[in-house]
Amino acid sequence: MPPGERQFRATTAEMNEISRLAGRTHKEFSDVFFKSAKLGWNWALETMLDMPESESGGKKIDADLRNDFGATALLYAAQNGYHRTADFLISKGADVDAQDKAGSRGLMVAAQGGW
């Protein structure tokens, strides 16, 4: 299925998490973005990536967003074995060679986890 036609089914937890974000800061959006990647919440990731900056705490969320450790959502998805989430993030422009401040990359942490 082409990426533009991708339709993810939302879980109740994902919908609740997104609904609580209204009026929050960009940092709070970022935290939920990384949490969603760790949990394989594709619908939440897609929803946040599609939000305009006016709805996402004043700054657009992109697939290569980094946290304080330099980690990306792709790194977290790979680390937790969510290959569908990793594939989705790559289709949205996530850098497959991105590394965090410790030098870890998505493929490396996926392999270390047995994924």
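Predicted model only: the values in this text are computed from it and were never measured.

**Comments concerning the overall build of the chain**
Working step 1: Looking only at helices and strands, the chain has six helices and zero strands in total.
Working step 2: Computed over its C-alpha atoms, the radius of gyration of the chain comes to 13 Å, within 12% of the 13 Å expected for a compact globule of 115 residues.
Working step 3: Burial statistics for the chain: of 115 residues in total, 42% are counted as buried.
Working step 4: Roughly 6700 Å² of accessible area belongs to the chain as shown, and the carbon and sulfur atoms make up 51% of that amount.
Working step 5: A distance of 4 Å separates the average location of the 14 positive side-chain charges in the chain from that of its 16 negative side-chain charges.

**Let's talk about the layout of surface pockets**
Working step 1: What the largest pocket holds in volume is close to 210 Å³.
Working step 2: Lining the largest pocket are 13 residues; nearest its centre among them are A78, A86, G106, L107 and A110.
Working step 3: Looking at the lining of the largest pocket, the elements with two or more residues in it are α4 (73-79), α5 (83-91) and α6 (106-112).
Working step 4: In terms of residue class, the lining of the largest pocket is made up of 10 nonpolar, three polar and no charged.
Working step 5: Its volume calculated, the second largest pocket comes out at about 160 Å³.
Working step 6: As for the second largest pocket, its lining consists of K27, S30, D31, F34, K38, R66, N67, D68, F69 and Y76.
Working step 7: In terms of residue class, the lining of the second largest pocket is made up of three nonpolar, two polar and five charged.

**Digging into empty space enclosed by the protein**
Working step 1: Taken as a whole and judged by the stated rule, the model has one cavity of 30 Å³ or more.
Working step 2: Approximately 30 Å³ is the volume attributed to the largest cavity.
Working step 3: As for the largest cavity, its lining consists of T72, L74, L75, D95, V96, A98 and G106.
Working step 4: Here the lining of the largest cavity is composed, by residue class, of four nonpolar, two polar and one charged.

Criteria and cut-off values
Residues numbered from 1 in each chain as written. Predicted model: local features only at pLDDT ≥ 70, side-chain atom pairs only at ≥ 80, totals over all residues. Heavy atoms only, no water. Helix = DSSP H or I, 4+ residues; strand = E, 2+ residues; numbered from the N terminus. Rg over C-alpha atoms; globule rule 2.2 N^0.38 Å. Buried < 20%, exposed > 50% of the residue type's maximum accessible area, 1.4 Å probe, protein only. Areas by Shrake-Rupley, 256 points an atom, 1.4 Å probe, with all protein chains shown as cover. Lys, Arg positive; Asp, Glu negative; His and termini not counted. Charge placed at Lys NZ, Arg CZ, Asp CG, Glu CD. 1 Å grid on protein atoms, 1.4 Å probe; cavity = no way out; pocket = protein on both sides within 12 Å on 5 of 7 lines; lining within 4 Å. Points joined across faces, edges and corners; volume = space filled by probe spheres on them. Nonpolar A, V, L, I, M, F, W, Y, C, P; charged D, E, K, R; others polar.

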